[in-house]
Amino acid sequence: MTKAEPAYLNIDRENNPAVVAGRRSREYVASRDKDAWVKLFAPDGIVQDPVGPSMFDEEGIGFTGHERISHFWDLSIGTTESIEFVFDEEIICGNEVAYIGKIVTHIHGHTSEARGVFTYRANPDGSLAALRAFWEVEKTINSVRKA
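Counting of residues starts from 1 at the beginning of each chain's written sequence and follows it residue by residue. Residues qualify for local features only when their pLDDT is at least 70, as the model is predicted, and side-chain atom pairs are given and counted only at 80 or more; totals for whole chains, interfaces and linings, by contrast, use all residues. Hydrogens and water are ignored here; the side-chain numbers use all heavy atoms of the structure.

A. Molecular detail of the pattern of salt bridges. By definition here, a salt bridge exists when the distance from a side-chain nitrogen of Lys or Arg to a carboxyl oxygen of Asp or Glu is within 4 Å. Following the criterion strictly, the structure yields 6 salt bridges and no others. The shortest N-O distance in the salt bridge between arginine 13 and glutamate 90 comes to 3.2 Å. Highlighted residues: arginine 13 in the segment before α1 (17-30) and glutamate 90 in strand β3 (residues 82-93), separated in sequence by 77 residues. By relative accessible area, arginine 13 is classed as partly exposed at 38%. Runs of H or I in DSSP of at least four residues are treated as helices and runs of E of at least two as strands, each being numbered from the N terminus. Each residue's exposure class comes from its accessible area (1.4 Å probe, protein chains only) as a fraction of the maximum for that residue type: buried when under 20%, exposed when over 50%, partly exposed otherwise.

As structure tokens, this is what we get:
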């Protein structure tokens, strides 16, 4: 009998639940499908984008549950023309994945770039337990340029 390799070796990069959930999240954002995006989250899922206080979340507590996540969409994603995800590196650890790179936002004829670390944590059922984005508001505001 051959002993199976542990899950932390030979990571299934295509089918890891966090990778799949993150991919779906980005696809729903790109296609502007708010309902599908919100339903991708677990009922107690959380969005922290960015982590900490921001213009979207003055208290820095994040958006927990479908109603609050829907509100986050309206405040941020829904105000944009489009969003591009440009990730340089993918780091998979268990049921979480971290991407290093940038998110390019197009809004009202302008473009901004949020460089940072973007994480997705999946539940066993494939729903998103957490989406956390580590980017600095001031640096992103300073990146705004006419498109």
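There is more to say after this.
B. Examining the side chain of aspartate 49 more closely. With respect to the helices and strands, the residue aspartate 49 is situated in the loop between β1 (41-48) and β2 (63-64). Buried and unpaired, aspartate 49 has no salt bridge, with arginine 132 as the nearest side chain of opposite charge at 10 Å. In protein, a polar contact requires one atom able to donate a hydrogen and another able to accept it; more generally it is a pair of N or O atoms within 3.5 Å, and residues adjacent in sequence count only if both atoms are side-chain atoms. A polar contact of 2.6 Å, which involves the side chain of aspartate 49, links it to the side chain of tryptophan 135. With residues near it in sequence (within four places) discarded, aspartate 49 still touches Phe56, Phe72, Leu131, Ala133 and Trp135. This count recognises Lys and Arg as positive and Asp and Glu as negative, with His and chain-terminal groups excluded. The contact criterion used throughout is that any non-hydrogen atoms of two residues lie within 4.5 Å.

C. The arrangement of the layout of surface pockets in detail. With a 1 Å grid spanning the protein atoms alone, the term cavity applies to any set of points in which a 1.4 Å probe fits but cannot get out, the term pocket to an open set with protein on both sides within 12 Å along at least five of seven lines, and the term lining residue to any residue with an atom within 4 Å of a point. Grid points are joined across faces, edges and corners, and a volume is the space filled by probe spheres set on the points. The space that makes up the largest pocket amounts to roughly 580 Å³. Lining the largest pocket are 29 residues, and of these Phe56, Ser76, Thr80, Thr105 and Trp135 sit closest to its centre. Within the residue set of the lining of the largest pocket, elements represented by two or more residues are α1, β3, β4 (96-107), β5 (110-122), β6 (128-135) and α4 (137-142). Residue contributions to the lining of the largest pocket peak at 6 residues, all from β5. Charged means Asp, Glu, Lys or Arg here, nonpolar means Ala, Val, Leu, Ile, Met, Phe, Trp, Tyr, Cys or Pro, and polar covers whatever is left, Gly included. The class makeup of the residues in the lining of the largest pocket is 18 nonpolar, 9 polar and 2 charged.

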